[in-house]
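# Residue-level structure breakdown
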Amino acid sequence: AVVSTQSTGRDLNVEERGLALMGDATEDEELFNCDIQLDTTYSWADKYKPRKPRFYNRVHTGYEWNKYNQTHYDQDNPPPKIVQGYKFNIFYQDLIDPTSTPTYKLKKCPEDKDFKILTISAGPPYEDIAFKVLNREWEYSNRYSFKSQYSQGIFQLWFQFKRYRYRR
């Protein structure tokens, strides 16, 4: 769920830029706006009121045309869609320290080994935000649209999962 805060003209500019950077959604992309509650206390909480950042995320899905699927499926009867990657866009337009860059960490999910917890933290006045993502190896190449950057109040983390080719 997208957490709403009071909106100013500046906030809308940042969000509009973020949406423009992501481009239009394709038929292989769906919204992914489910965050996980974190139980953390912040040392700066007495000075600034912690709040959740706004975010706009997408999950990239598609078909895996491996040898098995090529044999048993066709274009008219495709195989089930699988998750191929994610695009996270988180808006930090009111950071107290504008020189600090948001960071991300991956942790194991205690209740399910098929998932990991992706935690993104930026500093005051924003709370850390976490998402549950698939536990698969990432493709870190720019060729496969990996992006981890913070620019003009928008933190972008885009990644695809590695595709393994079967070889004898």
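Residues numbered from 1 in each chain as written. Predicted model: local features only at pLDDT ≥ 70, side-chain atom pairs only at ≥ 80, totals over all residues. Heavy atoms only, no water.

In this section: the pairing of strand 9 (residues 154–161). Extensive coverage of strand 9 is indicated by the burial of eight of its eight residues. With burial as the criterion, each face of strand 9 is covered, one bearing Ile154, Gln156, Trp158 and Gln160 and the other bearing Phe155, Leu157, Phe159 and Phe161. Sheet analysis places strand 7 (residues 138–139) next to strand 9, joined by two bridges and oriented antiparallel. From the neighbouring strand, glutamate 139 faces strand 9, where its bridge partner is glutamine 160. By the bridge criterion, five bridges tie strand 8 (residues 147–151) to strand 9 in an arrangement that is antiparallel. Following the sheet pairing, serine 151 is matched in strand 9 by isoleucine 154. Between strand 8 and strand 9, which pair antiparallel one after the other, the connecting turn spans two residues, and glutamine 152 there sits at a positive phi close to 55 degrees. (Buried < 20%, exposed > 50% of the residue type's maximum accessible area, 1.4 Å probe, protein only. Helix = DSSP H or I, 4+ residues; strand = E, 2+ residues; numbered from the N terminus. Pairing = 2+ DSSP bridges.)

Summarising the element assignment, leucine 106 is placed in strand 4 (residues 103–108). Judged by its relative accessible area of 34%, leucine 106 falls in the partly exposed class. Taking the C-alpha atoms as reference points, leucine 106 and leucine 118, 12 residues apart in sequence, are found 4.7 Å from one another. Excluding its chain neighbours within four sequence positions, the residues that come into contact with leucine 106 are Lys116, Ile117, Leu118, Val133 and Trp138. (Contact = heavy atoms within 4.5 Å.)

Okay, the confidence of the model for the protein chain next. Averaged over every residue, the pLDDT of the protein chain is 81; the share at 70 or more is 71%. Note that pLDDT drops below 50 for residues 1–10; the model gives that stretch 15 contacts with residues more than four away or on any other chain. (pLDDT = per-residue confidence, 0-100.)

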